[in-house]
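# A closer look at the structure
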Amino acid sequence: MISVLIADDQTLMRDGLQTILSLQEDMHVVGMAKDGSEALLLVETLSPQVVLMDIQMPGMNGIECTKRIRAEYPGTIVLILTTFADDDYIIDALAGGATGFLLKDIPGEKLAQSIRDAVSGHFLLPSVIAAKLAARLSSASTTVQVMKSSARAKAEGIKWSEKELEVTSLMLEGKTNREIAAALFMSEGTIKNYVSGIYAKIGTNDRTVAIMTLRELNNG
C-alpha cells in the first residue's frame, strides 16, 4: 500500500483527493493537513511515502514545508499540487527537492498513476509546467548574456594590479573569498575589498558574470 498525506488549505480539495485515492486498491490516505506546519508534524508522526503538497497555504507554505520535509525526511516523496498561476514557484519547488508537479485539474485516474510513477522513481513534470520552466531558464540565460557582454565591453583594456591578478586567478578556480584569503594570507575583509574593486572595473556586481567575463578575457 502506498501511504499518502494530503496537505491543502481547502477542505473541499482535501476531501476530493481523499475520495479519489480511497478508490485505489494500492493507496491509503494516512492523514490530511491544512497548512505546512501541520503537514510537517504529520510527516514526522505518520511517515507517509508520498505527500501531495499545495503551494499557497497560511503560515508555512508548501515550498518551505517541502524544503523541511526533504531535509529532515529525505525518503519522503513530495508532489506539488499546482495551478497555472503558480508558475512563479516552480524553481523554488525544484530547489526545495520536490519530486514533481501535479496540476490541480488532473483526472482522478491519472493522479493515482502519477503517484505510482513517483514511487517508482519517476520525476513528474506536466508539459505546461515544463514549457514555463524552459521559458524562465531561457529568459535568465538571455539576461546573463546581456550582462556578460556589457561587462566584457567595459573590461576591455583594464589595467590590473598584481594583487588583483592573483585574486582574479583564484576566483577563476572557483574559490570563495574565504579560500582566497587563506591562499593569499590576507583577511577576508581585504579580499572582499579587492573583489568589489574587480566588480567595479568590470561593471557588474554578479560573481557569476564577473567570472565568465574574466574567463573570456583570459581566453581572448
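Read on for an overview of the structure.

Cut-off values and rules
Residues numbered from 1 in each chain as written. Predicted model: local features only at pLDDT ≥ 70, side-chain atom pairs only at ≥ 80, totals over all residues. Heavy atoms only, no water. Pairing = 2+ DSSP bridges. Helix = DSSP H or I, 4+ residues; strand = E, 2+ residues; numbered from the N terminus. Axes fitted to C-alpha atoms, helices over the stretch in contact; angles between N-to-C directions. Contact = heavy atoms within 4.5 Å. Parallel < 35°, antiparallel > 145°, perpendicular 65-115°, else oblique. Left-handed = near helix turned anticlockwise from the far one by under 90°. Nonpolar A, V, L, I, M, F, W, Y, C, P; charged D, E, K, R; others polar. Core = buried A, V, L, I, M, F, W, Y, C linked by side-chain atoms within 4.5 Å. Buried < 20%, exposed > 50% of the residue type's maximum accessible area, 1.4 Å probe, protein only. Expected span 1.5 Å × (residues − 1). Right-handed = clockwise from strand over helix to strand, strands pointing away.

On to the sheet that holds strand E1 (residues 2-7), then. Taken in spatial order, the 5 strands of this open sheet run E2-E1-E3-E4-E5, and their pairing is parallel. Edge positions in the sheet fall to strand E2 (27-33) and strand E5 (100-103), since each of these pairs with one other strand and no more. Sheet twist, expressed as the mean angle between neighbouring strand axes with direction ignored, is 25°. Pairing of E1 with E2 involves 6 bridges; the strand directions are parallel. Within E2, the residue paired with Leu5 across the bridge is Gly31. Relative to the sheet, helix H2 (residues 36-46) contacts E1, E2 and strand E3 (50-54), its axis offset from that of E2 by approximately 135°.

Two elements in contact, helix H7 (residues 162-172) and helix H8 (residues 177-184), have axes whose closest approach is 10 Å; the angle formed by their N-to-C orientations is 130°. It follows that H7 is oblique to H8 by the angle criterion. Judged by the twist between their axes, the crossing of H7 over H8 is right-handed. For the pair H7 and H8, the contacting residues are Lys163, Glu166, Val167, Leu170 and Met171 in the first and Ile180, Ala183 and Leu184 in the second. Here the contact of H7 with H8 is composed, by residue class, of 6 nonpolar, no polar and 2 charged.

For the rest of this paragraph, the subject is the nonpolar core. Val51, Met53, Cys65, Ile69 and Ile80 are the most contacted members of the largest nonpolar core, which has 21 residues in total. It is H2 that contributes the most residues to this core, 4 residues altogether. When sequence neighbours within four positions are dropped, the list of residues in contact with Met53 reads Ala7, Gly62, Cys65, Thr66, Ile69, Val78, Leu79, Ile80 and Leu81. If you look at the next biggest cluster of nonpolar residues, it comprises 20 residues, including Leu17, Leu52, Leu102 and Ile106.

Between its first and last C-alpha, helix H5 (residues 108-119) extends 17 Å over 12 residues, near the 16 Å set by a 1.5 Å rise per residue. Buried residues along H5 sit in contact with E1, helix H1 (11-22), E2, E3, strand E4 (77-82) and E5. Residue Gly121 follows H5 closely and has a positive phi angle near 105°.

Let's shift gears to the pairing of E1. Most of E1 is tucked away: 6 of the 6 residues are buried. Both faces of E1 are covered, namely the face carrying Ile2, Val4 and Ile6 and the face carrying Ser3, Leu5 and Ala7. Between the parallel elements E1 and E2, the chain passes through H1 in a crossover that is right-handed. Sheet topology places E1 next to E3; 4 bridges connect them, and they run parallel. Residue pairing across strands places Ala7 opposite Met53, the latter belonging to E3.

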